[in-house]
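Architecture at a glance
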Amino acid sequence: MFTSGTETAGSGRYADGQWEISTRGRATDAGVRMVTLHEIMHAELNDSTAWGSLFHAYATLVQHAPDPVAYREVSLSVIEACRRTHEVFATYTGVFLADRAAGQSLLAGRPEYLAHYADACQLAAGIPLGSQLEWYVVISAVRACMQSHGLPKALRTSLDQFRLADLRARDLPDVRLDMLIEEGEELCRGLCDDIAEQLEP
């Protein structure tokens with residue numbers, strides 16, 4: 001489960017593949033779009049990645065397995081291992097799609113979401129803010145964080161036996177995110193050099 005919101009735009013909640021939105025009367029159009037998009041993008045990240053499939057699998061088992069309690073602990077650990085990655089993705093994409101020119105000003109009053117937005121921008125350090133290239137770098141980096149060996153390992157081990165301790169730390173989405181943020185500037189410098197080289201006559 002993820003929750004989000006801004007003081008003027010409203011709030012949202014994503015859980016079990018569904019989301020709820022509550023907007024406030026004085027919210028700007030861009031602010032309302034941002035809150036809505038934020039929750040939609042949580043779902044999109046789960047629906048398009050291996051770790052997201054693992055997330056969905058355990059959420060389904062917790063709801064429908066004959067003994068759902070047996071899956072609750074690992075389900076919560078799967079969610080916790082990708083919580084920051086999810087928030088970085090949903091915050092950045094929600095802002096970018098709602099009004100990329102407004103950028104982080106849409107997050108005024110919510111320091112935790114400003115921090116998530118800053119982490120996303122750090123993934124594309126050195127690339128112009130609000131550019132389409134920044135968008136592609138950020139979403140590609142976050143998807144890479146969510147494409148670890150977790151799902152195949154869980155399926156080989158069996159979902160009732162799998163634990164996060166079965167994985168290397170670098171296979172956990174939030175650990176992968178930290179690694180990419182740390183190397184963001186160098187990675188983007190290499191990316192920009194490669195693009196420039198391809199564009200040379």
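Residues numbered from 1 in each chain as written. Predicted model: local features only at pLDDT ≥ 70, side-chain atom pairs only at ≥ 80, totals over all residues. Heavy atoms only, no water.

This part covers the pattern of salt bridges. Under the criterion given, the structure shown has 7 salt bridges. Here Arg-84 and Asp-178 are joined by a salt bridge, their closest N and O atoms 2.4 Å apart. With Arg-84 in helix α3 (residues 69-99) and Asp-178 in helix α7 (residues 173-182), the pair connects residues that are 94 residues apart, well separated along the chain. Relative accessible area serves as the criterion here: at 39%, Asp-178 is assigned to the partly exposed category. (Salt bridge = Lys/Arg side-chain N within 4 Å of Asp/Glu carboxyl O. Helix = DSSP H or I, 4+ residues; strand = E, 2+ residues; numbered from the N terminus. Buried < 20%, exposed > 50% of the residue type's maximum accessible area, 1.4 Å probe, protein only.)

Let's shift gears to the packing of aromatic side chains. This structure, assessed with the given rule, holds 5 aromatic pairs. Here Tyr-58 and Tyr-71 contribute two aromatic rings whose centre-to-centre distance is 6.4 Å and whose plane-to-plane angle is 45°, an arrangement assigned as tilted. Of this pair, Tyr-58 sits in helix α2 (residues 50-64) while Tyr-71 is found in helix α3, placing the two residues 13 residues apart along the sequence. Note on accessibility: Tyr-58 and Tyr-71 belong to one class, buried. An aromatic cluster is present here, built from Tyr-92, Phe-96, Tyr-117 and Trp-135 joined pairwise through their rings. (Phe/Tyr/Trp six-rings, centres within 6.5 Å; stacked < 30°, edge-to-face > 60°.)

Turning our eyes to something else, we now look at the confidence of the model for the protein. When the pLDDT values of the protein are averaged, the result is 86; 84% of them are 70 or greater. Across the protein, element-level confidence peaks in α3 with a mean pLDDT of 96 and bottoms out in strand β1 (residues 2-6) with 47. (pLDDT = per-residue confidence, 0-100.)

Moving on, we come to the packing of helix α1 (residues 29-47) against α3. When two helices pack together, their arrangement is given by the angle between their axes and by how far apart the axes lie. Interaxial distance between α1 and α3 falls to 7 Å at its minimum, and their mutual angle equals 135°. As judged from the angle between their axes, α1 and α3 are oblique. The crossing of α1 and α3 is right-handed. When α1 is examined against α3, the residues Ala-30, Arg-33, Met-34, Leu-37, His-38, Met-41, His-42, Glu-44, Leu-45 and Asn-46 are found in contact with a partner set consisting of Thr-85, His-86, Glu-87, Phe-89, Ala-90, Thr-91, Thr-93, Gly-94, Val-95, Leu-97, Ala-98 and Asp-99. (Axes fitted to C-alpha atoms, helices over the stretch in contact; angles between N-to-C directions. Parallel < 35°, antiparallel > 145°, perpendicular 65-115°, else oblique. Left-handed = near helix turned anticlockwise from the far one by under 90°. Contact = heavy atoms within 4.5 Å.)

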